[in-house]
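Next come the chains, spelled out residue by residue.
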Amino acid sequence: MDPVALILILLVLIAVAAAALAVVNQRRNPGSRGSEPGTGFHELHSDYQSGVGGGENQSWKIPRDPQDYAKLFIPKDASQ
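The model shown is predicted, which means the values in this text are computed figures rather than measured ones. (Residues numbered from 1 in each chain as written. Predicted model: local features only at pLDDT ≥ 70, side-chain atom pairs only at ≥ 80, totals over all residues. Heavy atoms only, no water.)

K.L.:
Where do I start with the overall build of the protein in this structure?
P.N.:
For the protein, the helix and strand inventory stands at two helices and two strands. Along its sequence from the N terminus, the protein presents helices and strands in the succession α-β-β-α. Relative to the 2.2 N^0.38 estimate, which gives 12 Å for 80 residues, the radius of gyration of the protein is 25 Å and therefore markedly larger than a compact globule would have. With 80 residues in all, the protein has 1% of them scored as buried. Once local pairs closer than 6 in sequence are excluded, the contacts in the protein between residues at least 24 apart make up 16%. For the protein, the exposed area adds up to about 7,600 Å²; of that, 59% sits on carbon and sulfur atoms. Considering the protein, the positive charge centre built from 7 side chains and the negative charge centre built from 8 side chains are found 8 Å apart. (Helix = DSSP H or I, 4+ residues; strand = E, 2+ residues; numbered from the N terminus. Rg over C-alpha atoms; globule rule 2.2 N^0.38 Å. Buried < 20%, exposed > 50% of the residue type's maximum accessible area, 1.4 Å probe, protein only. Contact = heavy atoms within 4.5 Å. Areas by Shrake-Rupley, 256 points an atom, 1.4 Å probe, with all protein chains shown as cover. Lys, Arg positive; Asp, Glu negative; His and termini not counted. Charge placed at Lys NZ, Arg CZ, Asp CG, Glu CD.)

What follows is the structure, encoded as structure tokens:
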């Protein structure tokens, strides 16, 4: 067998094994998303710069409590 082909096959097998290990690791330890509920607020910041001298900075306060957060999406004129 040609040594170049053998090296190529080995590289492909290593890449496939690394991808399989990454998938297995991600499924075993998916990581954490979101944040723990509690009291108070999260403060979010957005800093946008257009590169031509324009830009915009904004901040938002989002409640940590899931029920308070859900209430933000209820229209003010909704019947209770």
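K.L.:
Looking at this model, I keep getting lost on the pairing of strand E1 (residues 41–49). Mind explaining?
P.N.:
Looking along a regular strand, one sees side chains alternate from face to face of the sheet. Of the strand pairs in this sheet, E1 and strand E2 (residues 55–63) are connected by nine bridges, and their pairing is antiparallel. Across the sheet, the residue bridging to Glu-43 is Lys-61, located in E2. Between E1 and E2, which follow one another and run antiparallel, lie five residues, and Gly-51 among them has a positive phi close to 90°. (Pairing = 2+ DSSP bridges.)

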